[in-house]
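Now for the letters of each chain:
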Amino acid sequence: MNEDLKVNLSGLPRDYLDAAAAENISAAVSSRVPAGEPEPELVVNPWDIVLCTSGTLISCENAIVVLIIFHNPSLRAPMFLLIGSLALADLLAGIGLIINFVFAYLLQSEATKLVTIGLIVASFSASVCSLLAITVDRYLSLYYALTYHSERTVTFTYVMLVMLWGTSICLGLLPVLGWNCLRDESTCSVVRPLTKNNAAVLSVSFLFMFALMLQLYVQICKIVMRHAHQIALQHHFLATSHYVTTRKGVSTLAIILGTFAACWMPFTLYSLIADYTYPSVYTYATLLPATYNSVINPVIYAFRNQEIQKALCLICCGCIPSGIAQRARSPSDV
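Just so we're clear, the structure is a prediction, and the values are computed from it rather than from any experiment.

A. Spotlight on the UniProt feature "transmembrane region" (unreviewed entry) in the protein chain. In this structure's numbering, the residues bearing the UniProt feature "transmembrane region" (unreviewed entry) are residues 47-70, 82-108, 114-136, 156-179, 199-218, 250-269 and 281-303. In residues 114-136, helix accounts for 100% and strand for 0%; the two terminal C-alpha atoms are 33 Å from one another. Annotated as 88% helix and 0% strand, the span residues 156-179 places its first and last C-alpha atoms 32 Å apart.

Structure follows, in structure tokens:
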């Protein structure tokens, strides 16, 4: 009796109402189920593109130097061995920058991060150490001019190469062997996954090597000035000629040392005072000039060398220009 008194107040058939209620329930349920969100697009940091481009340029330049020295048997003097070491280190640094870009966007994992940072640290350390070794070699070639071309010098060069590459490899292995901040982000430096202490050790080591290079170049400058003065007296050159030659030698040394300091000093000092909380743009802005040092090194140390110029001309055009063949070495060619 009570059921017969129930009134359909909507004026619609009961079957229609049941269907509508079912539709509303399914719509409500579907609205609560999250729809499949599209995967976010891969956003590439412009700074990483610039670093990868720099790495490509570094690799191409230094690969040419390595091939020239490797395929030319006449370029086996201590000076060319050290230039080859510098070019090889910069080549590996360029490859490391390229690999870092590829792994950062295509193959992200802790292992790839550690391997990449280890390669970059080892190669740039070897590059800086090779620059110091070249400075030592130049000093010895001037200070011990009479006994420089001896077996003792060759042996000493090989010892320097073994030491600098051994030290650089050990520095590169430190993050891989556990000295990293992947487990404790609070210990990270401006370059993750290097720890703050690791970055400090690298920065202090660089400052020490820079101070040593500065001292050696001051001594080289004094020797060059003395040699230029002696040559001027022996050949009765005018004082102005002696002044021009000496000034050229000092200018060359200033360019070498100034370029090295301008490229590496900003990142070195920034690594000492900053940590992972600082904006990454500062890290990129100071790291990029440091990579430019590996771009400039072949120009300063390899392509200015007369023997390498001859070898490069033979490879490119099969001849040696008369201007290169007849040019004599002067005291300013340091």
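Once you've had a look at it, read on.
B. Here's a closer look at the layout of surface pockets. Space inside the largest pocket adds up to approximately 1,300 Å³. For the largest pocket, the lining is made up of 48 residues, of which Ile117, Val190, Val191, Arg192 and Leu287 are closest to its centre. Of all elements in the fold, only α2 (46-71), α3 (78-106), α4 (110-143), α5 (151-176), α6 (196-234), α7 (239-273) and α8 (280-302) reach the threshold of two or more residues within the lining of the largest pocket. A per-element tally of the lining of the largest pocket places α4 first, with 10 residues. Tallied by class, residues from the lining of the largest pocket come to 28 nonpolar, 15 polar and five charged.

C. Seen up close, the nonpolar core. Among the nonpolar cores identified, the biggest contains 62 residues, and Tyr217, Phe260, Trp264 and Tyr301 are the most heavily contacted of them. Those elements giving two or more residues to this core turn out to be α2, α3, α4, α5, α6, α7, α8 and α9 (306-317). With 13 residues, the top contributor of residues to this core is α4.

D. Representation of α4 in the model. The end-to-end C-alpha distance of α4 is 49 Å, a good match for the 50 Å that 34 residues give at a rise of 1.5 Å each. Of all the 34 residues making up α4, 25 are buried; the element is thus mostly covered by neighbouring parts of the structure.

Scoring rules and cut-offs
- Residues numbered from 1 in each chain as written.
- Predicted model: local features only at pLDDT ≥ 70, side-chain atom pairs only at ≥ 80, totals over all residues.
- Heavy atoms only, no water.
- UniProt positions renumbered as here; feature names shortened; annotations may be inferred.
- Helix = DSSP H or I, 4+ residues; strand = E, 2+ residues; numbered from the N terminus.
- 1 Å grid on protein atoms, 1.4 Å probe; cavity = no way out; pocket = protein on both sides within 12 Å on 5 of 7 lines; lining within 4 Å.
- Points joined across faces, edges and corners; volume = space filled by probe spheres on them.
- Nonpolar A, V, L, I, M, F, W, Y, C, P; charged D, E, K, R; others polar.
- Core = buried A, V, L, I, M, F, W, Y, C linked by side-chain atoms within 4.5 Å.
- Buried < 20%, exposed > 50% of the residue type's maximum accessible area, 1.4 Å probe, protein only.
- Expected span 1.5 Å × (residues − 1).

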